[in-house]
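Report on the structure
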Protein chains: 2
Amino acid sequence: MGKANCSRKEEDLSCYAYDATARMYLPEAVLFPGNTEEISAILNLANSEDFFVIPRGSGSGMTGGSLAVNGGLILVMARFNRILEIDKHNLISHVEPGVVTGHFHQAVERVGLFYPPDPSSSEFSTLGGNMAECAGGPRAVKYGVTRDYVLGLEAVLPTGEIIRTGVQTAKGVVGYDLTRLLIGSEGTLGIITRMTLRLLPLPEVVRAMTVVFNKLETAAETVSEIIRRGIIPRTIEFMDNASIRCAESHLKIGLPVEAEAILLVEVDGKVDETKILIKQLKAVCMSQGAKRIKIAETKEEVDNLWKARKAISPALFQYGPDKINEDIVVPRSKIPDMVRKINALKEKTGLTIVSFGHAGDGNIHFNIMLDKKDKAELKKAEDAIDALFDYTLELGGTISGEHGVGITKAPYIAKEIGPVELNLMKRIKKVFDPKGMLNPGKIFPK
Amino acid sequence: MGKANCSRKEEDLSCYAYDATARMYLPEAVLFPGNTEEISAILNLANSEDFFVIPRGSGSGMTGGSLAVNGGLILVMARFNRILEIDKHNLISHVEPGVVTGHFHQAVERVGLFYPPDPSSSEFSTLGGNMAECAGGPRAVKYGVTRDYVLGLEAVLPTGEIIRTGVQTAKGVVGYDLTRLLIGSEGTLGIITRMTLRLLPLPEVVRAMTVVFNKLETAAETVSEIIRRGIIPRTIEFMDNASIRCAESHLKIGLPVEAEAILLVEVDGKVDETKILIKQLKAVCMSQGAKRIKIAETKEEVDNLWKARKAISPALFQYGPDKINEDIVVPRSKIPDMVRKINALKEKTGLTIVSFGHAGDGNIHFNIMLDKKDKAELKKAEDAIDALFDYTLELGGTISGEHGVGITKAPYIAKEIGPVELNLMKRIKKVFDPKGMLNPGKIFPK
């Protein structure tokens, strides 16, 4: 693959030692493979020469999935950046994993098609990383998550063998579902080298509204009520007061900094359909006690709302130098309970906890901002996470809706997954990767 | 579990020796377990005493998945027949696998909700069987298949251990996707004992139309064109002339027996939306050269159309005492090619081949009607299947869209699934079922 695509220089290694968890593990080498056969050769070598291989998209993962925690060779998938085909007749696309998700969105939208999964990182995360984590995002309320849009894969097994899974068609049930076993396996069962994705026709129009609430719990109850009435918006995003202030201080676009919570609701479809939906939503929100509703009239207004939503995460650091970011999910009807619990914990501990997220899915991102050097504060934060995870599971939820387990949630996985199931997963890993050479130290607790 | 729920009487055994393939394998015993723990105990015993266990829903499978091909004990899941909860707040249902799919449809529709997967067998097939095969059906064009509506499962492993997989929430990515590994595994990896299913709000209205064509290929091209224009109906069903005659002779409802093909197209959604869709569909169909379009005005008319569609399969036996029924899928744009190929084969061989199916998914059911006692004809039919499977794969399709592999397609699986992938599947089976006690002889070629 040529010297230009391999490096052991410290300045290169350190570029690929980080991800969005801000933890650092220096790899032993960085490689930029150019095709599937090269990856196969690398994994063959890894098995005979005993070195670890860690696949990496753009390193935007939130749980450390692309970190070389035990050393080894980082395989950067950036050269797998081609959209091979967008097939309008069959509403599918063949694409490589290094394509940035946002670029893919633009490419399919230019020809009137739509790829719904849109993690907040879509401007820099890659499709391959999205597959590995089974990324979600705001539009999941109506459209589901990454796994719902994958028909088939090409992947290199940890042993170097190349496999093709799934189909290129709307249906297919021949053999076990290896496709969805790879999706969400966090780069531990294989390296995806090509994907066949399902597309939809692009909705005619998208309309957005912001709904302002005096009380956090009222906002949470409104989310539950919208769904109960059978209204399925494309997104229902939730921002608490700290999130609103955070975004406003960053962007200065006139967000209501006094509000306890905002919902950002989008609907899509035919023009007439969206008009009806907006009307229904206004009625539900007012009857639930919303303080103010604002319909975004222009594209600029809609774009500003999303800028605000996406600005929260990076802007949070004004509250503290370190962030612990969790992405729990609870049944939608339990969001009010979860919000009450978080509020109670904030009061009890004095910790800065900022909540926002995809309320339409019950997917709440709570962020504890702190200085990790302050050991007493760190301990308090860890206890708070423990308590919030326990409560999430008690409410029938899950400790990760879209970030995966990686290294940061591995110590907690046994809270959610029982010993029999965990053992089954480990034995599946062993089938794929007998020597444990691919992306070690992830998902499973030590 | 009591004597009343076990039998070794010949008259009982013979009732459970058949399925929809019309093949017969007498089991050694029939059991009707009443709860998960009983199934666990049976599988524990099976592993220590060395007998096979074969789970069975209503025995409507098309590929022999529930047949005791190597003897053993049939586990009839009929007593697992409770709908445990329909949760309107979270759009989910907890349900047992012995519930008949059609009963579940009615139950959720009564409270304004919707479970889209609807195999043609829905009036008698069970949800558990639908899970095991990953059933599809006509509505998959718009709504996807069974796997898209399963959030979590309880299952008994072949070794007797009880597992819980997945989540009860809209998102969840903790650990490997055991849920979708079980879905479509044809009862070989575990016995599903409880499911958490995702529901949608019930569409406001469903409208149907029949489109009559003078030429089979024009009908096939119209399907492709509808999708290319970004119109996604809820169903696009296809019937060729032999299917039309078949259904008409059975039902006498005035189907156009002279037509070469009919499309049965349904749309759903809000009233205004469906009006627009019907208008768009009429325009596409006319511009493609449809001979006649009839909008079903009353519920009775719509019901009659579905009666006709569902009558084809049983009514086919007027063409011959035996039926070989395949459910191939091709990319939608390749339906015209497939239809041409089937026509050419009919002419060349003189065989009676009847085609109908879910054209919107590219899922064509072709049925060869014959007398299997006529060995020369049987050989001709087997050669035709070989040729049609090869051509399906050449077009980028799959040899099964919804029936699974079972025993009837096991001899062909290696045409579609490569040796590395097949080996991987076998090793996964081994992880779940080291002694091979659960549903042996299925999926994998001998």
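Here the structure is a predicted model, which means the values were calculated and not measured. (Residues numbered from 1 in each chain as written. Chains lettered and ligands numbered in written order. Predicted model: local features only at pLDDT ≥ 70, side-chain atom pairs only at ≥ 80, totals over all residues. Heavy atoms only, no water.)

Now for the environment of Leu263 of chain B. Residue and element names in this part refer to chain B. One can find Leu263 in strand β14 (residues 261–269). Residue Leu263 is classed as buried on the basis of its relative accessible area, which comes to 0%. In the structure, Leu263 is positioned 93 residues away from Phe356 in sequence and 9.6 Å away in space, judged by C-alpha atoms. In contact with Leu263, other than residues within four places in its own chain, are Met209, Thr210, Val211, Phe213, Ala219, Thr222, Val223, Ile236, Glu237 and Phe238. (Helix = DSSP H or I, 4+ residues; strand = E, 2+ residues; numbered from the N terminus. Buried < 20%, exposed > 50% of the residue type's maximum accessible area, 1.4 Å probe, protein only. Contact = heavy atoms within 4.5 Å.)

Tallying each qualifying case throughout the model produces twelve aromatic pairs over all chains. Look at Tyr115 of chain A and Tyr149 of chain A: their rings are 6.2 Å apart centre to centre, the planes differ by 80 degrees, and that puts the pair in the edge-to-face class. Here Tyr149 of chain A lies in the loop between α5 (140–143) and β8 (150–156) and Tyr115 of chain A lies in the loop between β7 (113–114) and α4 (127–133), a separation of 34 residues in the sequence. Each member of the pair, Tyr115 of chain A as well as Tyr149 of chain A, carries the same accessibility label: buried. Ring plane angle 85 degrees and centroid distance 5.7 Å describe the contact between Phe444 of chain A and Tyr176 of chain B, whose orientation is recorded as edge-to-face. Here Phe444 of chain A is found in the segment after α14 (419–432), whereas its partner Tyr176 of chain B is found in the loop between β9 (162–166) and α6 (178–182) on a different chain. Across the pair, exposure class does not vary: Phe444 of chain A and Tyr176 of chain B are buried alike. Within the aromatic cluster, the residues linked to one another by ring pairs are Phe104, Tyr115 and Tyr149 of chain A. The lysine or arginine in question, Lys341 of chain A, covers the ring of Tyr391 of chain A, its NZ or CZ lying 4.8 Å from the ring centre. (Phe/Tyr/Trp six-rings, centres within 6.5 Å; stacked < 30°, edge-to-face > 60°. Lys NZ or Arg CZ within 6 Å of the ring centre and 35° of its normal.)

As a further point, take the domain arrangement of chain A. Residues and elements named next belong to chain A. When its domains are assigned, chain A resolves into domain 1 (3–76), domain 2 (83–201), domain 3 (205–314) and domain 4 (320–433). Measuring from the centre of the C-alpha atoms in domain 2 to the corresponding centre in domain 4 gives 26 Å. Taken together, the 18 residues of domain 2 in the interface contact 13 residues of domain 4. When the buried surface of domain 2 facing domain 4 is broken down by residue, Val141, Glu186 and Leu189 rank first, second and third, together holding 34% of it. On inspection of domain 2 and its partner domain 4, the count reaches zero salt bridges. Joining domain 2 to domain 4, the criterion identifies five residue pairs in polar contact (both at pLDDT 80 or more). If you list the elements that add at least two residues to the side of domain 2 that touches domain 4, you get α5 and α6 (178–182). Among the elements that line the side of domain 2 that touches domain 4, the one with the most residues is α6, at three residues. Class assignment for the residues of the side of domain 2 that touches domain 4 results in eleven nonpolar, five polar and two charged. (Domains from an automatic or database assignment. Buried area = accessible area lost by both parts, 1.4 Å probe. Salt bridge = Lys/Arg side-chain N within 4 Å of Asp/Glu carboxyl O. Polar contact = N/O pair within 3.5 Å; in protein donor to acceptor, adjacent residues only side chain to side chain. Nonpolar A, V, L, I, M, F, W, Y, C, P; charged D, E, K, R; others polar.)

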